[in-house]
Amino acid sequence: MTDNKLAKVPNSGEIIKYINETLEVPNNPIIPFISGDGIGPDIWFASVRVFDAAVKKAFDNTKKIEWMEVYAGEKAHELSGEWLPEETAQIIKKYSVAIKGPLTTPIGGGFRSLNVSLRQILDLYACIRPVRHFEGVPSPVKEPQKLNVVIYRENTEDVYAGIEWKSGSKEAKQLIEYIRDNFGKNIRDLSGIGIKPISPFNSKRLVKKALQFAVDKNRSSITLVHKGNIQKFTEGAFRDWGYEVAKDDFSSQVISEADLWDKYNGQANGKVVIKDRIADSIFQQILLRPTEYDVLATTNLNGDYISDACAAQVGGLGLAPGANISDEVALFEATHGTAPKYAGQNKVNPGSLILSGVMMLEHLGWHKAADMIVDATQRTISEKTVTYDLARQMEGATKVSTSGFADAIIANL
Ligand code: NAD
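The model shown is predicted, which means the values in this text are computed figures rather than measured ones. (Residues numbered from 1 in each chain as written. Predicted model: local features only at pLDDT ≥ 70, side-chain atom pairs only at ≥ 80, totals over all residues. Heavy atoms only, no water.)

Caption draft 1: Quick look at the pairing of strand β4 (residues 66–69). Side chains E66 and M68 of β4 all project onto a buried face; the interleaved residues W67 and E69 project onto the opposite face, where all are buried too. Pairing of strand β3 (residues 30–34) with β4, which is carried by four bridges, proceeds in the parallel orientation. Pairing of I31 across the sheet is with W67, part of β4. For the segment spanning β3, helix α1 (residues 40–58) and β4, crossover handedness is right-handed. (Buried < 20%, exposed > 50% of the residue type's maximum accessible area, 1.4 Å probe, protein only. Helix = DSSP H or I, 4+ residues; strand = E, 2+ residues; numbered from the N terminus. Pairing = 2+ DSSP bridges. Right-handed = clockwise from strand over helix to strand, strands pointing away.)

Laid out in structure tokens, this is it:
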């Protein structure tokens with residue numbers, strides 16, 4: 001790609017390819033990154049040093065990521081007048097794997113959110129958020145280590161599809177009339193209207209990805225989280241389609257919770273158990289019976305809520321990684337936003353982006369480097385060398401800056 005307006009292709013490095021549905025990763029892959037807005041550059045420039053040091057050490061200098069900056073958000077707007085230049089999504093698509101810092105939501109920029117737009121343009125239909133506790137991280141619960149889940153959140157539809165009309169708008173009025181005249185259902189005048197589409201296509205491909213992960217990684221269960229007792233044809237349908245995929249595509253590796261007890265006397269024998277829970281109950285369950293949950297698969301809005309709740313339970317957003325993926329593209333990002341009041345202060349916790357990079361290294365198959373970062377992060381936290389967000393809750397902690405935390409992790413690699 002030589003005709004990029006903003007991004008420059010590095011002089012060395014090779015492209016990651018998908019061949020026969022497998023990722024082919026060269027020793028020097030080119031990986032695009034977006035440094036992000038607000039605290040984005042603080043955490044990105046700290047994190048990238050950790051990734052490079054771990055890769056160098058894990059593979060004795062035989063592997064190296066060639067980073068390629070691509071632009072979105074404020075930096076893109078300054079350079080080109082556009083918040084999300086077309087080339088950015090095209091480059092991410094071409095290079096298959098990318099990582100980003102948080103992006104601001106421009107007021108009046110014509111965007112609901114740059115992140116949601118990127119996910120929609122690239123059809124990154126699964127948002128994956130692993131949540132685990134690092135020993136020593138302060139948490140509001142007594143035994144935070146008992147929660148260890150991976151959340152698969154549908155990323156493209158539900159109320160996030162952006163199909164909604166304001167109270168009193170022409171469209172809202174027309175819809176209210178149409179529904180009254182044709183379906184006999186009354187909606188109060190001046191209601192705002194939002195549409196919640198949940199399709200078999202999107203539900204099934206999300207659950208399929210979550211099931212594949214659970215099977216590949218020998219996870220014990222997958223729970224379909226839904227609000228189907230009330231929203232029968234959207235949330236309830238999601239649950240039904242999820243069970244259908246398990247039956248149609250994973251019958252030899254997955255059993256239902258009902259069959260587990262009715263037919264197998266509670267013995268899963270290495271199979272993944274598929275069950276479902278109503279969304280309100282899962283918020284109680286993760287607090288009261290966290291060990292009973294492993295992989296969670298859910299619709300978009302439920303997934304948004306449950307991932308923040310799980311992150312809080314293990315100590316907050318500073319250590320909450322994520323990935324947005326399609327079948328061909330994976331874009332890794334921290335779960336938190338741009339925290340504008342801390343921007344440029346070299347203060348916040350880069351842990352969330354560092355752990356998103358760990359997910360990226362695992363995706364590349366570079367497990368040794370990924371494991372080294374996880375171990376070094378744990379060691380650094382155990383030594384109580386942490387950023388302000390954790391230091392203020394830990395007795396005897398040494399408070400370090402964003403870059404100082406990265407330095408400490410590198411020293412512990
Ligand atoms: P936020 O996550 O940016 O910040 C909320 C608070 O969480 C901060 O004030 C801070 O106290 C804490 N926090 C967040 N990240 C931290 C870190 N790394 N270390 C320590 N503390 C941290 O949420 P917000 O204030 O609601 O959103 C600010 C902006 O970010 C908005 O423009 C929003 O649209 C955007 N946003 C972007 C993403 C994304 O890019 N994926 C996600 C969420 C919000």
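On we go from here.
Caption draft 2: Up close: helix α6 (residues 200–216). Counted at 1.5 Å a residue, the expected span for α6 with its 17 residues is 24 Å, and the 24 Å between its end C-alpha atoms agrees. Taken residue by residue, α6 has N202, S203, R205, L206, V207, K209, A210, L211, F213, A214 and V215 as its buried positions. Within two residues after α6, N218 carries a phi angle of roughly 55°, on the positive side. (Expected span 1.5 Å × (residues − 1).)

Caption draft 3: Up close: the site of the ligand. Neighbouring residues of the ligand: 20 residues in total, closest T105, N115, G337, A339 and N349. One of the backbone N or O atoms of L103 is found 2.9 Å from an oxygen atom in the ligand. In this structure, a nitrogen atom belonging to the ligand sits 3.2 Å away from a side-chain N or O atom of E333. For the ligand, the accessible surface in isolation is 820 Å², of which the surrounding protein chains cover 68%. Its residues assigned to classes, the shell around the ligand shows eight nonpolar, eight polar and four charged. (Near = heavy atom within 4 Å. Polar contact = N/O pair within 3.5 Å; in protein donor to acceptor, adjacent residues only side chain to side chain. Areas by Shrake-Rupley, 256 points an atom, 1.4 Å probe, with all protein chains shown as cover. Nonpolar A, V, L, I, M, F, W, Y, C, P; charged D, E, K, R; others polar.)

Caption draft 4: Structural context of the sheet that holds strand β11 (residues 254–256). The sheet built from eleven strands is open, its strands ordered β4-β3-β5-β15-β14-β6-β7-β13-β10-β12-β11 with mixed pairing. Every interior strand has two partners, whereas the edge strands, β4 and β11, have only one. For this sheet, the mean inter-axis angle between neighbouring strands, taken without regard to orientation, is 25°. One ladder, built from six bridges, connects strand β6 (residues 126–131) with strand β7 (residues 149–154); its direction is antiparallel. Opposite P130, over in β7, you have V150 as the bridge partner. (Axes fitted to C-alpha atoms, helices over the stretch in contact; angles between N-to-C directions.)

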